[in-house]
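If you want the building blocks of each chain, they are given just below.
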Amino acid sequence: MSTLEVHDVSIRYMTGDFKDIGLKEYVMRKIKGDYHVNEFWADRNISFTLEKGDMLGIIGTNGAGKSTLLKAISGIMVPTKGWVSRKGNVAALLELASGFDGDLTVRENTYLRGAMLGYTRRFMDEMYGKIIEFAELQDFQDRPFKQLSSGMKSRLAFSIASLVQPDILILDEVLSVGDGAFRRKSEAKMREIIQGGATTILVSHSIQQVRSMCNKILWLHRGAQKMFSDNVEAVCNQYQKFLDCR
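Residues numbered from 1 in each chain as written. Predicted model: local features only at pLDDT ≥ 70, side-chain atom pairs only at ≥ 80, totals over all residues. Heavy atoms only, no water.

Caption draft 1: Expanded view of the packing of helix α3 (residues 106-116) against helix α5 (residues 150-161). One way to put it is that α3 packs onto α5 with a least axis distance of 10 Å and a crossing angle of 40 degrees. Put simply, α3 runs oblique to α5. The two elements α3 and α5 cross, and the hand of that crossing is right-handed. Only Leu156, Ala157 and Ile160 of α5 make contact with α3, whose side of the interface consists of Val106, Thr110, Arg113 and Gly114. Per-class residue counts for the contact of α3 with α5 are 4 nonpolar, 2 polar and 1 charged. (Axes fitted to C-alpha atoms, helices over the stretch in contact; angles between N-to-C directions. Helix = DSSP H or I, 4+ residues; strand = E, 2+ residues; numbered from the N terminus. Parallel < 35°, antiparallel > 145°, perpendicular 65-115°, else oblique. Left-handed = near helix turned anticlockwise from the far one by under 90°. Contact = heavy atoms within 4.5 Å. Nonpolar A, V, L, I, M, F, W, Y, C, P; charged D, E, K, R; others polar.)

Written out as structure tokens, the structure is:
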């Protein structure tokens, strides 16, 4: 039984000059029929199905439509055309370091982010020590968050977010956080979640990461679905040749 179905999903952005001309000029141009709107299709006709325990790697160059597609899958955006069917709860680890308060301490931000993710205070009390230890921030708990390096901020966000045990897990470049040692630790944590039966989607610029972790692959190019396959090795090889010839 499929856990996730993406059927003919297309996502369109509408752009105009409203911000530049202001409300009064906008009304006048609308009346005169002189207001122009541009369309941009970030994704066109994307379809695939994932079963429980699958791990899908999404590859493609910048501007391919990967992050936009993840927003539709996670429910943040509604597709312009097509539909997404999900079974179970979804956890999306997107833009890890956003949503923190720079003036609050690491400790305060940890509880704040936990509350935003729906964790109870009791749960956070029990898990706080493990979160800080995993993020390797034992010596920074009472420092203002804004004093942390970008890597430290991402490590804390990943540590908090990886507490979840979702049915569908969506990861957008989050396994690239921190140094080499922390990347290996974060990959091990994700494998633990996946082995628990989660259906996982990983967007990564690391072809080797996709080769080693994923059993299905989706290649997007300029918003179009170039390939969807369970032959991860073959698609990665073709994608690498494509990159080498650019």
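Caption draft 2: The arrangement of the pattern of salt bridges in detail. Summed over all chains, the structure comprises 9 salt bridges. Between Asp103 and Lys146 there is a salt bridge, with its nearest N and O atoms 2.9 Å apart. Of the two residues, Asp103 is situated in the loop between β5 (90-93) and α3 and Lys146 in the loop between α4 (121-135) and α5; the sequence distance between them amounts to 43 residues. Per residue, the accessibility class of Asp103 equals that of Lys146, and both read exposed. Two residues, Glu136 and Lys185, come together in a salt bridge whose shortest N-O distance is 2.9 Å. Highlighted residues: Glu136 in the loop between α4 and α5 and Lys185 in helix α6 (residues 180-195), separated in sequence by 49 residues. Owing to a relative accessible area of 34%, Glu136 belongs among the partly exposed residues under this scheme. A relative accessible area of 26% places Lys185 in the partly exposed class. (Salt bridge = Lys/Arg side-chain N within 4 Å of Asp/Glu carboxyl O. Buried < 20%, exposed > 50% of the residue type's maximum accessible area, 1.4 Å probe, protein only.)

Caption draft 3: Structural context of the nonpolar core. In terms of nonpolar packing, the biggest core is built from 43 residues, with Leu137 and Leu156 touching the most fellow members. Looking at this core, the element that brings in the most residues is α4, giving 7 residues. Dropping the residues within four chain positions of it, Leu137 is found in contact with Val106, Ile132, Leu148, Met152, Arg155 and Leu156. In terms of nonpolar packing, the next biggest core, distinct from the first, is built from 23 residues, Leu4, Val6, Ile11 and Met77 among them. (Core = buried A, V, L, I, M, F, W, Y, C linked by side-chain atoms within 4.5 Å.)

Caption draft 4: Spatial organisation of unusual backbone geometry. Although it is not a glycine, Asn45 adopts a positive phi angle of roughly 55 degrees. One can find Asn45 in strand β2 (residues 37-51). Positive phi, normally seen in glycine, also occurs at Arg222, with a value near 50 degrees. As for its position among the elements, Arg222 is in the loop between β8 (216-221) and β9 (224-229). On the basis of relative accessible area, Arg222 is assigned to the exposed category, the value being 72%.

Caption draft 5: Structural context of a nonpolar patch on the surface. Judged by side-chain polarity, Val27, Met28 and Ile31 come together as a nonpolar surface patch covering roughly 280 Å² of accessible area. Here Met28 shows up in helix α1 (residues 18-32). (Patch = residues over 30% accessible without salt bridge, like charges linked within 9 Å, V, L, I, M, F, W, Y side chains within 5 Å. Areas by Shrake-Rupley, 256 points an atom, 1.4 Å probe, with all protein chains shown as cover.)

Caption draft 6: Structural detail: the pairing of strand β7 (residues 199-203). With respect to burial, β7 is a largely interior element, 5 of its 5 residues being buried. Alternating positions in β7 separate into two faces, Thr199, Ile201 and Val203 on one and Thr200 and Leu202 on the other, with burial throughout. Here strand β3 (residues 55-59) runs beside β7; their pairing, made up of 4 bridges, is parallel. Within β7, the position partnered with Gly57 by the bridge is Leu202. In the sheet, strand β6 (residues 168-172) pairs with β7 via 5 bridges, with the strands oriented parallel. When the sheet's bridge partners are listed, Leu169 is paired in β7 with Thr200. (Pairing = 2+ DSSP bridges.)

Caption draft 7: Inspection of α6 at higher detail. Relative to the 22 Å expected for 16 residues at 1.5 Å per residue, α6 spans 22 Å between its end C-alpha atoms, a close match to the ideal helical length. Along α6, the residues that are buried comprise Phe182, Ser186, Glu187, Lys189, Met190, Ile193 and Ile194. All buried residues of α6 project into a common sector of 160 degrees when viewed along the axis, lining one side. Residues of α6 that are exposed and point more than 90 degrees away from the buried face comprise Arg184 and Gln195. Tucked into the core, α6 has its buried residues touching β3, α4, α5, β6, β7 and α7 (207-213). Positive backbone phi, at 105 degrees, marks Gly197, one or two positions downstream of α6. (Expected span 1.5 Å × (residues − 1). Arc of directions from axis to C-beta.)

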